[in-house]
Amino acid sequence: MINRSVESQAREYVYDLKNCASEYGQNTLEGWEFSLVTDVEKTKIEKDYYPTVSAHPEQESLFEMLKLVKGKLMLPLNNAEYGFDVESANHKNVRHLIAFNPKLHR
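These figures come from a predicted structure and were not determined experimentally. (Residues numbered from 1 in each chain as written. Predicted model: local features only at pLDDT ≥ 70, side-chain atom pairs only at ≥ 80, totals over all residues. Heavy atoms only, no water.)

## Some remarks on the side chain of Thr38
Reasoning step 1: Positionally, Thr38 belongs in the loop between strand E1 (33–37) and helix H2 (39–48).
Reasoning step 2: What makes Thr38 buried here is its relative accessible area of 17%.
Reasoning step 3: Those residues in contact with Thr38 that sit more than four places away from it in its chain are Lys92, Asn93, Val94, Arg95 and His96. (Helix = DSSP H or I, 4+ residues; strand = E, 2+ residues; numbered from the N terminus. Buried < 20%, exposed > 50% of the residue type's maximum accessible area, 1.4 Å probe, protein only. Contact = heavy atoms within 4.5 Å.)

## Observations regarding unusual backbone geometry
Reasoning step 1: That bond from Tyr50 to Pro51 is cis: its omega, 5°, falls within 30 degrees of zero.
Reasoning step 2: Among the secondary structure elements, Pro51 is positioned in the loop between H2 and strand E2 (52–55).
Reasoning step 3: Notably, Met74 is not glycine yet its phi reads approximately 55°, a positive angle.
Reasoning step 4: Relative to the elements of secondary structure, Met74 occurs in the loop between helix H3 (62–72) and helix H4 (79–82).

Just geometry here; none of it tells us what the structure is for.
Below, the structure is given as structure tokens:
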């Protein structure tokens, strides 16, 4: 498998996210939430909300990808995201970046 840069993964993620939102009649990504989650949390979110858009970059680049995605969408990082680092990701077993709209339940 070819190792893609975090920048290209972030660009592709934003593209997929915008396509998904427009497919479901949303002109903007207003109200969408972004989370760094474990496998179990990802499964729960996917069961509770639809649509979701997730990515599984290398664990060391999760936070960098989140920063790039939020930067491309002109969204600020929240307080919890500022405290995120690779060590806490490894400890908490965080593996995925997932976006969902809490208003759109399954």
